[in-house]
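Spelled out from the first residue to the last, the chains are:
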Amino acid sequence: MLDTLYSQLGAIVWLGVCAFALLKGDKPERMAGGALVIAWLATLAVHRDTNLTSVTIPVFLIDMALLALLIGLSWRSDRNWPVWAAAFQSIVVLVHVVALVDLRIRAIAYLSAQTVGTYGVLICLAVGTFWAWQTREAIRPREDDLN
């Protein structure tokens, strides 16, 4: 699954955003970043190179679990980014459902919707982590201010 330059660059972006969330984020961002890394590694472990439009049930279940976590985060958190991330993850899950119901979905539509949803989740996590980090830094007193 990491055999093309595009997938390798995507992995670098994916792991970079998750590392940023784990290092600089608050609890919701760290939870989402850790869950995204676990989901990505689990998807790599269970994914088999088959027909592009065929849905593997384990990948579908992993995406469903990630959607449930993001919905839980959006419900419990006072931040806006988990709502948007859950919306993008729902696109990923719904594309799986469409492919399960109607196997005539074109490969380009399937892959495009998966990519838009996945990168949408990553962008939401990156923006949410940046806001949490900047808010925390703005509140923390500086050593220059104390003297």
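All figures in this text were calculated on a predicted structure; none of them were measured in a lab.

A. Focus on the nonpolar core. The biggest cluster of nonpolar side chains holds 24 residues, and the ones touching the most others in it are L36, L70, W81 and L125. Listed by contribution, the elements that provide at least two residues to this core are α1 (5-24), α2 (27-46), α3 (57-76), α4 (81-101) and α5 (107-139). When sequence neighbours within four positions are dropped, the list of residues in contact with L125 reads V17, A21, E29, A32, G33, L36 and W81.

B. Here's a closer look at the packing of α1 against α5. Packing of α1 against α5 leaves a shortest axis separation of 9 Å and a crossing angle of 30 degrees. In terms of axis orientation, α1 runs roughly parallel to α5. Considering the relative orientation of α1 and α5, their crossing is left-handed. Contacts from Y6, G10, V13, W14, V17, F20, A21 and K24 in α1 reach T115, T118, Y119, L122, L125, A126, T129, F130, W133 and R136 in α5. Grouping the constituent residues of the contact of α1 with α5 by class yields twelve nonpolar, four polar and two charged.

C. Spotlight on a nonpolar patch on the surface. A cluster of nonpolar side chains, namely I57, L61, L94, V97, L100 and V101, defines an oily patch on the protein surface of about 550 Å² accessible area. Contributions of two or more residues to the nonpolar patch are made by α3 and α4. When residues in the nonpolar patch are grouped by element, the largest group, four residues, is from α4. Residue L100 is classed as partly exposed on the basis of its relative accessible area of 40%.

D. Representation of the packing of aromatic side chains within the structure. Counted according to the given criterion, the structure contains two aromatic pairs. Where F130 meets W133, the ring centres are 6.1 Å apart and the plane angle is 75 degrees; that geometry is what we call edge-to-face. Of this pair, F130 and W133 both sit in helix α5, three residues apart, which is roughly one turn of that helix. By relative accessible area, F130 is classed as partly exposed at 40%. Through a chain of ring-to-ring contacts, the aromatic side chains of F20, F130 and W133 assemble into a single cluster.

E. Seen up close, the pattern of salt bridges. All told, the structure shown has three salt bridges when counted by the stated rule. Its salt-bridge partner being R79, residue E29 comes within 3.3 Å of it at the nearest N-O pair. Placement of E29 in helix α2 and of R79 in the loop between α3 and α4 is noted, with a sequence separation of 50 residues between them. By relative accessible area, E29 is classed as buried at 0%.

F. Geometry of the side chain of D63. Among the secondary structure elements, D63 is positioned in helix α3. A polar atom in the side chain of D63 sits 2.6 Å from the side chain of H96.

G. Region of the structure containing α4. With 21 residues, α4 should cover 30 Å at 1.5 Å per step; its first-to-last C-alpha distance of 30 Å lies within 8% of that length. Of the residues making up α4, those classed as buried are W81, P82, A85, A86, Q89, V92, V93, V95, H96 and A99. Residues of α4 that are buried make contact with α2, α3 and α5.

Criteria and cut-off values
Residues numbered from 1 in each chain as written. Predicted model: local features only at pLDDT ≥ 70, side-chain atom pairs only at ≥ 80, totals over all residues. Heavy atoms only, no water. Core = buried A, V, L, I, M, F, W, Y, C linked by side-chain atoms within 4.5 Å. Buried < 20%, exposed > 50% of the residue type's maximum accessible area, 1.4 Å probe, protein only. Helix = DSSP H or I, 4+ residues; strand = E, 2+ residues; numbered from the N terminus. Contact = heavy atoms within 4.5 Å. Axes fitted to C-alpha atoms, helices over the stretch in contact; angles between N-to-C directions. Parallel < 35°, antiparallel > 145°, perpendicular 65-115°, else oblique. Left-handed = near helix turned anticlockwise from the far one by under 90°. Nonpolar A, V, L, I, M, F, W, Y, C, P; charged D, E, K, R; others polar. Patch = residues over 30% accessible without salt bridge, like charges linked within 9 Å, V, L, I, M, F, W, Y side chains within 5 Å. Areas by Shrake-Rupley, 256 points an atom, 1.4 Å probe, with all protein chains shown as cover. Salt bridge = Lys/Arg side-chain N within 4 Å of Asp/Glu carboxyl O. Phe/Tyr/Trp six-rings, centres within 6.5 Å; stacked < 30°, edge-to-face > 60°. Polar contact = N/O pair within 3.5 Å; in protein donor to acceptor, adjacent residues only side chain to side chain. Expected span 1.5 Å × (residues − 1).

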